[in-house]
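Take a look at the letters that make up each chain.
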Amino acid sequence: MRRIAIIGSGQAGLINAHALLKAGYEVSLYSDRTGQQWLTEGKPTGTAVRFPMALAYERELGLDFWNDSPAAAVGVNFVLCLQPGTPFLVLNGRFATPALAVDLRLQSSRWLEEFEKRGGKLHIEKITIERLDAISAEHDLTIIASGKGALSDLFPVDEKRSIYTKPQRHLSMVNVINANDNPNNRVRIARYYELPKAGETVWTPYHHMTHGSSWNLFSEAREGGPLDIFRDAKSGEDVLDRFKQLIRKVYPWDWEWAKDMKVADPNGWLTGEIRPTIRKPVGILPSGRPVTFVGDAGMAFDPVGAQGANNGNKMARHLTEAIVKRGSAPFDAAWIEATFDGFYHNHGEPAYRFNNAFLDGLPLAGQEILAAQYGSDGRADNSSPAQKLANEFCANFSDPRCITDALLDVSRARKLISTHTGGAAMAAVMKGRFAIIGNLIRWWMSSKKADFGFQHQMWS
Ligand SMILES: Cc1cc2nc3c(=O)[nH]c(=O)nc-3n(C[C@H](O)[C@H](O)[C@H](O)COP(=O)(O)OP(=O)(O)OC[C@H]3O[C@@H](n4cnc5c(N)ncnc54)[C@H](O)[C@@H]3O)c2cc1C
């Protein structure tokens, strides 16, 4: 039986470890923490909402322990704001099947337990380069799944593929309870606010490790803008206080919902920055032996388009399938390169381009799709062209091969709109634009500012 070592017990390492166990390999997983330490000492490394395609793989591997969580999100309420306090354009898109964000601390702890139960060998140890070399000597293949930590430096940055030379946003995130959720809302949806030139803010339904169904507040600030208020935050309470200030000023329609929120636990928060980075897939150890990567260790995304964990699952599937196909031949540098190239062209590159479209701002093509979908309400029984377009936008989070090209290219955007509107692409775009402007005027004229489009509609 071929022996494979994996370093790191986050999302990508554990998915890969379970996939290889299932495929019949002898798998050793090296983690710098136990399952219990994940629960009591660690921070969640991200929100990590997973969409249908990535979740399907978790189901296939028998790791879908939170399938029935009420925190599953059926869709996204995407709101483009004109300026702080002024919503402008709304999209209510529905996923093919619900998305889910499970507290990564709970998930890693549970998946580690399951890994041992299924016959995997778990080693609790922080791996150094020297130790890695010794581990690789004992295994047919060693996979680095250590996230953005030091071991990823084994893999040179691919400067051609990594288009940004520095982080594009300052990130902050906190897990919260006690939201004043409308008891009549029968389903959960994520809310995604885009504030051009300032950044993005996302409220995600979240399955917390002890509280279960709760919320995750997440912000992506452009430097110096109204969202850039978290840099020196010192604790979860501090982050939440600043989110409350932000909500009051920038998203006042959510104030009643947010005003009584409390932090879910002392470790459930993060601030920081990520340079979106794609690395070359072959790392050479001092002995000359090659190793490869999976997950953030090789492809680190800014979380603006919620792609990192989803991409990690797809990378783990691709790598596992390539390992199986390799039979008993050596996992040499040429095989590693060809394997990653195959993944990158099929999945990695579309995900990276989709994510970058958020970082850079949607070009005209994407704006036309958003205009043409205007009027989507997210209801399951809505089969209008607008709703279908909104749902396609959501499907792209799951599989960025769907409409990334259309979001970036006007002729493809119009072709996509035409397929749903019976050829009337420009009419749909213009109709959407007029409706958006009409709605904005109504919003400005209304004294209560409470009836913006489909802002607080009840989905079913
Ligand atoms: C604020 C935020 C929000 C996010 N939201 C989303 C989202 O909505 N959707 C999405 O898809 N992605 C999202 N992401 C990205 C997602 O969280 C990551 O892509 C994913 O968690 C990375 O998993 P990983 O296993 O590659 O790395 P990690 O989760 O970083 O795990 C690596 C593990 O390896 C261990 N390790 C490191 N070095 C060693 C060593 N030397 N020896 C032993 N063990 C070691 C670490 O302790 C860690 O446990 C978000 C990220 C952030 C920061």
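Residues numbered from 1 in each chain as written. Predicted model: local features only at pLDDT ≥ 70, side-chain atom pairs only at ≥ 80, totals over all residues.

**Digging into the overall build of the protein chain**
No. 1: Within the protein chain, the regular secondary structure consists of 14 helices and 17 strands.
No. 2: Taken over the C-alpha trace, the protein chain has a radius of gyration of 22 Å; the compact-globule value for 460 residues is 23 Å, and the two agree within 12%.
No. 3: Dimensions of the protein chain, computed from the C-alpha atoms along their principal axes, are close to 70 × 50 × 40 Å.
No. 4: Sorting the 460 residues of the protein chain into buried and exposed places 51% on the buried side.
No. 5: A separation of at least 24 residues holds for 76% of the contacts in the protein chain among residues at least 6 apart in sequence. (Helix = DSSP H or I, 4+ residues; strand = E, 2+ residues; numbered from the N terminus. Rg over C-alpha atoms; globule rule 2.2 N^0.38 Å. Buried ≥ 20, exposed ≤ 12 C-beta atoms within 10 Å, placed from the backbone. Contact = placed C-beta atoms within 7 Å.)

**Brief notes about the site of the ligand**
No. 1: Every one of the 37 residues lining the ligand counts as a neighbour, but G10, G46, G147, G295 and G308 are closest to it.
No. 2: Of all the elements in the fold, those that place two or more residues in the shell around the ligand are α1 (11-22), β2 (26-31), β8 (170-177) and α8 (308-326).
No. 3: No other element matches α8, which puts four residues into the shell around the ligand.
No. 4: Counting residues domain by domain, the shell around the ligand receives three or more from each of domain 1 (3-64 + 104-164 + 277-358) and domain 2 (73-101 + 167-272). (Near = placed C-beta within 6 Å. Domains from an automatic or database assignment.)

**Overview of unusual backbone geometry**
No. 1: Despite not being glycine, N178 shows a phi value in the positive range, around 75 degrees.
No. 2: Considering the arrangement of structural elements, one finds N178 in the loop between β8 and β9 (188-195).
No. 3: Taking the number of C-beta atoms within 10 Å as the measure of exposure, N178 has 15 and is therefore partly exposed.
No. 4: Even without a glycine there, the phi angle at K197 is positive, about 70 degrees.
No. 5: By the secondary structure assignment, K197 is in the loop between β9 and β10 (199-208).
No. 6: A count of 10 C-beta atoms within 10 Å places K197 in the exposed class.

**Brief notes about the pairing of strand β11 (residues 212-221)**
No. 1: Counting buried positions over the 10 residues of β11 gives eight, a clear majority of the element.
No. 2: As paired elements, β8 and β11 share seven bridges and run antiparallel to each other. Within the sheet, the bridge partner assigned to N175 lies in β11 and is N216.
No. 3: By the bridge criterion, 10 bridges tie β10 to β11 in an arrangement that is antiparallel. Residue pairing across strands places T201 opposite S219, the latter belonging to β11.
No. 4: Between β10 and β11, which follow one another and run antiparallel, lie three residues. (Pairing = 2+ DSSP bridges.)

In short, geometric facts, not functional conclusions.
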